[in-house]
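Per-entry structural report
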Amino acid sequence: MKIIVPVKTNPDLQMIRIKNREPILEAVPYKVGDLDKNSVEAALQLQAAVGDTQVVALTIAEGNRKIKDTMKEVLAMGADEAYILSDDALTAADQAGKALALAKAIEKIGGADLIVFAEGSTDNYSGQMGPRVAELLALPEIGYAKKLTVADGKLTAERGMGDLIEVLESSLPAVVTVTSEINEPRIPTLMNIMKAGKKPTTEWTLGDVGLDAAAVAPQKAVLSNLAEEQQRKNVMIEGSAEEQCAALIDALIKDGVLEA
Amino acid sequence: MEKVDCIVVGGGLAGLSAAYGLASEGLEVILIERGDYAGAKNVTGGRLYVSPIRDMYPELWEAAPFERPVTREFITLLNSGNATTIEFASDKFAAQPYQSYTVLRATLDLWLSEQVMEKGGMVITNQRVDELLMEDGKVIGIRAGEDEIGADMTIVAEGVLGLVSTKAGLRQKPSWKDHAVGFKETIELPQEVIESRWHLSPGQGAAHLFMGEVTKGMLGGGFLYTNKSSISFGIVLGMKDAKERADKIDVYTLLDDFKAHPHVAPLVAGGELLEYSAHVISEAGYAGIPQLYGDGYLLAGDTAGLALNQLYTVRGMDFAVASGYYAAKATLEAKQQGDLSAAGPMYEKMMRDTWVIKDLETAQHIPHFIENPRIFTHYPQSVGRIFERLFTLTSDPTEGIYHKVMGSVKQDFVNAKTVKELMGVRKI
Ligand SMILES: Cc1cc2nc3c(=O)[nH]c(=O)nc-3n(C[C@H](O)[C@H](O)[C@H](O)COP(=O)(O)OP(=O)(O)OC[C@H]3O[C@@H](n4cnc5c(N)ncnc54)[C@H](O)[C@@H]3O)c2cc1C
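Report follows, based on the coordinates.

Rules behind the numbers
Residues numbered from 1 in each chain as written. Chains lettered and ligands numbered in written order. Predicted model: local features only at pLDDT ≥ 70, side-chain atom pairs only at ≥ 80, totals over all residues. Heavy atoms only, no water. Phe/Tyr/Trp six-rings, centres within 6.5 Å; stacked < 30°, edge-to-face > 60°. Helix = DSSP H or I, 4+ residues; strand = E, 2+ residues; numbered from the N terminus. Buried < 20%, exposed > 50% of the residue type's maximum accessible area, 1.4 Å probe, protein only. Pairing = 2+ DSSP bridges. Axes fitted to C-alpha atoms, helices over the stretch in contact; angles between N-to-C directions. Contact = heavy atoms within 4.5 Å.

**Notes on the packing of aromatic side chains**
All names here are of chain B. All told, the structure shown has 13 aromatic pairs over all chains when counted by the stated rule. A ring pair is formed by Phe319 and Trp355, whose centres lie 5.5 Å apart and whose planes are at 50°; its orientation type is tilted. On the criterion of sequence distance, the pair formed by Phe319 in helix α9 (residues 317–336) and Trp355 in helix α11 (residues 355–362) is long-range, its members being 36 residues apart. Comparing Phe319 with Trp355, the two get one shared label, buried. Their ring planes at 70° and their centres at 5.3 Å tell us that Tyr325 and Tyr326 sit as a pair that is edge-to-face. Using a relative accessible area of 18% as the deciding quantity, one classes Tyr325 as buried. Overall, the relative accessible area of 10% leaves Tyr326 in the buried class. Clustering of aromatic rings is evident, with ring pairs tying together Tyr20, Tyr57, Tyr325 and Tyr326.

Put into structure tokens, the structure is as follows:
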């Protein structure tokens, strides 16, 4: 079986500082998204369960100049091979453009029995890649799976629906997106990190997958993506520590946060 | 067991410098660093003396992402009611080649690790070396988690605590009494503000040391280094004093008190706290240097006790780079001779024949000298008193300048205790 795991690398969210409501991205290193590690782990667990399976990681560079190094993390986790699609045009692309690029790359790789996405990207979390790519490749798609099994050429996926669990079955090939609760991603071992450097990595540009800048040009423009500004109460409590505590408790009771 | 030519434990300046030298000559080297990336956890005050190490890897220092060259020096004797600052600027320091630079380790170490990889070295991060593998007293490799890797040579550059090398018996467990603890804040300030507060031309930098009230009389001092658009601001404090006086002094408020001191507050005003960090520094000096090598291994950087507190400056980064450089050089030469066991003695000789160990030896009396608490109380206060008297004018008839100065000097410096102490200065 062949499993393709499209992953996204994003600036290390812990290293980003916000200044004047803008993230400072300068000098922030890129990492494989935390949620993407769940999808890689899911593919690796299927590989172990099914046997004779190849796990292929695929990514779009999106401004990450050191993407080859970043992708080593996925190879160190256990993926067998990596494909990287880099093109300046992709940095500005919107979800439609990126999904198209991913779909074309998947075709060029030769397709797969199963394509495992994360439920969304760790930074922007639009959650569109799975369904869009499935649509472009005309494949069935199951979203937000928290358990996956492959047997007898079929995919079985469980989805948590609040109080109940929905169990879905699909023929292969198929696209699936997985939630973060599906597993605990493994931390690569020293040996596997050393081996990762020797695993094949193929780098493509848009031209290699039969696209050009126009094909992925954004069809919409993001005007603003700021969080709602919250009005703080700005209450200052003064006095000794004891007085402050008492006044704070009173204030919290008054606001209904604490019960009297 | 997988085997490589060399393993380097620790991606600080010592380890990176060793790995760079080895990789440059085509040896198969892997450097193992426990942090997310090289430099992620590394703390320093902030000033790297490049002049001693310029000829080692000159191509690196020309391109390295330093913050600012230090062209202006400030020393402030801080008391509770006054402050005396000496500002020193020299055309020599303000011209190329600069002798020292302020640095941020997260930037510098990360960049160096990229240079190691460019040379074909492997830098593996997020992996902790748990122990050294020993066979008949010889270090034959490392274990990290479940994985064991063998190496002909292991260079241990794991920093000041040296847990791995201590556990393997390669050095004695260091005593906390010989150590200081440094804590610092990185505070963001606009470039123009930095340049105007420290009287700097654009792009140039300052080193500003503080003594006295900073440590409330305990061994240590304050430092402030100007980066591009931030300052590194902190305190170094001897652990022995800190522990002995812990009941009377709230050590954890020292940094806040320092920052709030009326003569310091204007320097940091308006800054935004970017990062807080703390780290241990060896103060043992020459006496603290362990056996630098043994069968299959070399010790480098802080692990080899190579740090120097000269009061007006802390050195350790230049020692780290130099020891890494010589560790690589000795390993390469020994390998060429076909006898790796020659690397250890060669390494030790290189270190002893050059400024590295010599500078530590020259400074060997400093640790004892600075144990005297009066350095951090009496002397800063005395200097403050001289100037306070000199600049005081009241409605009383004033004394002559000579009397003003000499009055204070006599009172504070011409007594048996002080004279004896000042004689002791000759040793340092
Ligand atoms: C507050 C303070 C101020 C200072 N000011 C100055 C100054 O202005 N100028 C100057 O020259 N020096 C200064 N020093 C000293 C200087 O910072 C050190 O001497 C220098 O950093 C030593 O470098 P190193 O490579 O030996 O150790 P480190 O920089 O400590 O590097 C050790 C590395 O090993 C890694 N490591 C440790 N254990 C393991 C393990 N088991 N497995 C894998 N990795 C491991 C660590 O994560 C770290 O990256 C200062 C130190 C402090 C604390």
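Moving on, there is more to tell.
**Notes on the sheet that holds strand β14 (residues 201–204) of chain A**
Across a sheet, paired strands are connected by hydrogen bonds in the backbone, their directions being either parallel or antiparallel. Residue and element names in this part refer to chain A. Strand order in this open sheet of seven strands is β9-β13-β8-β1-β6-β7-β14, and the pairing throughout is parallel. In this open sheet, the two strands that pair with only one neighbour each are β9 (141–145) and β14. Taken over all neighbouring pairs, the strand axes of this sheet differ in orientation by 20° on average, direction set aside. Summarising the sheet, strand β1 (residues 2–7) and strand β8 (residues 114–118) pair through two bridges and their orientation is parallel. Its bridge partner being in β8, Ile4 is matched across the sheet by Ile115.

**Section: the environment of A:Pro173**
Residue and element names in this part refer to chain A. Within the secondary structure, Pro173 is located in the loop between β12 (164–171) and β13 (174–178). A relative accessible area of 34% means that Pro173 is categorised as partly exposed. Between the C-alpha atom of Pro173 and that of Leu155, which follows or precedes it by 18 residues, the distance is 8.8 Å. Residue contacts for Pro173: discarding those within four places in its chain leaves Ala112, Asp113, Leu139 and Pro140.

The quantities given are spatial measurements derived from coordinates; they are silent on function.
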